[in-house]
Amino acid sequence: MRALLCLILLLTLFLAPLPAAAQSPLAVKQGEVLRFATHAAFARVHDRKFPIYDGTALIPAAVIDKPGDYPLELLSADGKTLETRTLTILDAHYLTQNVALSKEVVELKPSPGETETVNALKHLESPAKLWAEPFLAPVPGCMNSPFGVQRYQNGKPTGNYHAGVDQRGPAGKPIVATAAGTVRMVRSYNIHGNVVGVDHGQGIVSIYLHMSKTAAHEGDAVKPGDVLGYVGATGRANGPHLHWSLYVHAVAVNPSKWAPLTACAATAPARKAPPKKAPAKKTRRAQ
Ligand SMILES: [Zn+2]
């Protein structure tokens, strides 16, 4: 009887399905973030290597990543490949949007050090996790330009996509920290305007552009809801609004997947994908 029980137990073990995590396909849309539990220290996709904190991998897909299957390597702390899985990047079908800007604004060049400083901020990887979900909307206004749209300026393609969301708001409206973090950048730049950057820890960074006035200092510890500055139209902007970008391991991701944001009814492009043979030609004016 005991032998029979042992046999049944052994058979059960052999026939047991593999753990769900090893079977589930890994897929993520452009501009979104895949999460899964793992004991690995890093994940590598293409030439990008993402640190993994506290047993949860956050793998961002860029808007410009081509849809398809990619090898995703899970690495040990010393860089050895522990496992290779397949990551499928799915097309998010972002549309195009035209932005009307004056000649002076189009001709603006970055301030000395602007590109480098903002780039260094995006790449921060502070090990302590200060953020918690959900993130707050930084201003209460609706989104008049969503994330990911291919940008045209005055009808000409820029080759760029919108790496954040634009939220409509009257000039002077307070802009608040969307999550806890440390203020790492308070600057006044030609393109970004008056800008504040917050490091939320573990590779998550947010930046807030075009402020009329900043109200934070580099090194400040902020809580969700603390005022960072006020809505304005400084830098490359065609009217008062907040541009908010969220980065996960230096990749711009869709903030509306992290915070409760609503599209402005009149100007939001349709969310549905255009048919393949007729790419979206419609352009809309941003504010
Ligand atoms: Zn914007």
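Residues numbered from 1 in each chain as written. Predicted model: local features only at pLDDT ≥ 70, side-chain atom pairs only at ≥ 80, totals over all residues. Heavy atoms only, no water.

*Asks:* Mind showing me how you'd approach the packing of aromatic side chains here?
*Replies:* The full count for this structure, using the stated rule, is six aromatic pairs. Consider the rings of F135 and W258, whose centres lie 5.5 Å apart with planes at 75 degrees: the pair is edge-to-face. You can see F135 sitting in the loop between α4 (114–122) and β9 (143–145) and its partner W258 sitting in the segment after β21 (251–253), a full 123 residues away along the chain. Each member of the pair F135 and W258 is classed as buried. (Phe/Tyr/Trp six-rings, centres within 6.5 Å; stacked < 30°, edge-to-face > 60°. Helix = DSSP H or I, 4+ residues; strand = E, 2+ residues; numbered from the N terminus. Buried < 20%, exposed > 50% of the residue type's maximum accessible area, 1.4 Å probe, protein only.)

*Asks:* Quick question: what am I supposed to make of the pairing of strand β11 (residues 156–161) here?
*Replies:* A regular strand places its side chains on the two faces of the sheet in alternate fashion. Of all six residues in β11, zero are buried, a share of ten percent or less. Counted between consecutive antiparallel strands, the loop separating strand β10 (residues 150–153) from β11 contains two residues, among which N154 sits at a positive phi close to 50 degrees. (Pairing = 2+ DSSP bridges.)

*Asks:* Would you explain the nonpolar core in this entry?
*Replies:* The nonpolar side chains of soluble globular proteins are, as a tendency, buried together. Core analysis: the largest hydrophobic core is formed by 43 residues, its most contacted members being F135 and L228. Taken together, the elements giving at least two residues each to this core come down to α4, β14 (181–189), β15 (193–201), β16 (204–211), β20 (241–248) and β21. No other element matches the six residues that β16 contributes to this core. Once residues lying within four places of it in the same chain are set aside, the contact partners of L228 are I175, V176, A177, V183, V196, V198, Y208, M211, T214, A215, A216 and V222. Formed by 19 residues, the second largest nonpolar core is a distinct cluster that contains F36, I52, I59 and Y70. (Core = buried A, V, L, I, M, F, W, Y, C linked by side-chain atoms within 4.5 Å. Contact = heavy atoms within 4.5 Å.)

*Asks:* Whenever I open this one, the coordination of the zinc ion confuses me. Can you help?
*Replies:* Tetrahedral metal sites with four donors have an ideal angle of 109.5 degrees; octahedral sites with six donors have ideal angles of 90 or 180 degrees. Within the protein, the atoms that donate to the zinc ion are H162 (NE2), D166 (OD) and H243 (ND1), at distances of 1.9 to 2.2 Å. Along the chain, the residues donating to the zinc ion are arranged with the sequence spacing H-x3-D-x76-H. In this pair, D166 is assigned in strand β12 (residues 165–168) and H243 in strand β20, connecting sequence segments 77 residues apart. Here H243 falls in the buried class, since its relative accessible area comes to 10%. (Donors = N, O, S within 2.8 Å, 3.2 Å for Na, K, Ca; no water.)

*Asks:* Looking at this structure, how should I read the state of the cysteines?
*Replies:* Working definition: the covalent bond between the sulfur atoms of two cysteines is a disulfide. Throughout the structure, instances matching the rule amount to one disulfide. Note on cysteine connectivity: C142 is disulfide-linked to C264, with sulfurs 1.9 Å apart. When the S-S torsion is 95 degrees, as for the bridge of C142 with C264, the disulfide is right-handed. Of this pair, C142 sits in the loop between α4 and β9 while C264 is found in the segment after β21, placing the two residues 122 residues apart along the sequence. (Disulfide = S-S within 2.5 Å.)

*Asks:* Help me out: how do you make sense of the sheet that holds strand β1 (residues 26–29) in this one?
*Replies:* Note on sheets: strands pair through backbone hydrogen bonds, and any given pair is parallel or antiparallel. On the basis of which strands lie adjacent, the open sheet formed by five strands has the order β1-β7-β6-β3-β4 and mixed pairing. Here the strands that pair on one side only, and so sit at the sheet edges, are β1 and β4 (48–51). Across the sheet, the mean angle separating the axes of adjacent strands is 30 degrees when strand polarity is ignored. Where strand β6 (residues 68–75) meets strand β7 (residues 81–90), eight bridges bridge the pair, whose relative direction is antiparallel. By the bridge assignment, P71 is partnered in β7 with T86. (Axes fitted to C-alpha atoms, helices over the stretch in contact; angles between N-to-C directions.)

*Asks:* Just checking my understanding: could you explain unusual backbone geometry for this structure?
*Replies:* A negative phi angle characterises most non-glycine residues, just as the trans form characterises most peptide bonds. The peptide bond linking E133 to P134 adopts the cis configuration, its omega dihedral lying at -5 degrees. Phi at H46 is positive, roughly 50 degrees, even though this residue is not glycine. Looking at where H46 falls in the secondary structure, it is placed in the loop between β3 (42–45) and β4. A positive phi is found at H210, a non-glycine position, where the angle reads about 65 degrees. Among the structural elements, H210 can be located in strand β16.

*Asks:* Is there a simple way to explain the pattern of salt bridges in this structure?
*Replies:* Should the charged atoms of two oppositely charged side chains come close, the side chains can pair. On inspection of all chains with the given rule, the structure shows nine salt bridges. A salt bridge links E32 to K257, with the shortest nitrogen-to-oxygen separation between them at 3.6 Å. Placement of the pair is E32 in the loop between β1 and β2 (33–37) and K257 in the segment after β21, with a sequence separation of 225 residues. On the basis of relative accessibility, which here comes to 47%, the residue K257 falls in the partly exposed class. (Salt bridge = Lys/Arg side-chain N within 4 Å of Asp/Glu carboxyl O.)

*Asks:* Is there a simple way to explain the environment of P157 in this structure?
*Replies:* For P157, the location among the structural elements is in strand β11. Not counting the four nearest positions on each side in its chain, P157 is found in contact with R151 and Y152.

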